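Geometric and topological summary
Here are the chains, one letter per residue:
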Amino acid sequence: MSKTEEAWSRAAMCADRAHAAHDEETRRFFNKLRDSWVQVANNYQLAESIEGEIEAPLPRGTPDLGAD
């Protein structure tokens, strides 16, 4: 499981716990925790996307602007 998938999974677990909470304070706690995991997941997703772009080979005939 990737870091992104793990973060989404933890966000879903927190959402479930919030839904099952019997009092408002516990519900708020798990909703805030869920929001934090969603932010982590989005950050990992962005990082993975950027890494994919950096590691992707250039199409044939494309000048490598970083080459000296």
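Coordinates for the structure precede this section.
The rules behind each value
Residues numbered from 1 in each chain as written. Predicted model: local features only at pLDDT ≥ 70, side-chain atom pairs only at ≥ 80, totals over all residues. Heavy atoms only, no water. Salt bridge = Lys/Arg side-chain N within 4 Å of Asp/Glu carboxyl O. Helix = DSSP H or I, 4+ residues; strand = E, 2+ residues; numbered from the N terminus. Buried < 20%, exposed > 50% of the residue type's maximum accessible area, 1.4 Å probe, protein only. Expected span 1.5 Å × (residues − 1). Arc of directions from axis to C-beta.

One side chain can pair with another of opposite charge once the charged atoms of both are near each other. According to the stated counting rule, one finds four salt bridges in the structure shown. Across the salt bridge formed by E24 and R27, the nearest N and O atoms sit 2.9 Å from each other. Highlighted residues: E24 and R27, both in helix α2 (residues 24–55), separated by three residues, approximately one helical turn. Of the residues examined, E24 reaches a relative accessible area of 41% and is grouped as partly exposed. Salt bridges here are not isolated pairs; linked through shared partners, they connect E24, R27 and R28.

The subject of this paragraph is helix α1 (residues 3–20). The end-to-end C-alpha distance of α1, which contains 18 residues, comes to 26 Å, matching closely the 26 Å that a straight helix rising 1.5 Å per residue would cover. Where α1 is concerned, the buried positions are T4, A7, A11, C14 and A18. Each buried residue of α1 lies within a common arc of 85° when the element is viewed along its axis, so the set occupies one face. Opposite the packed face of α1, turned more than 90 degrees from it, sit the exposed residues D16, R17, H19 and A20.

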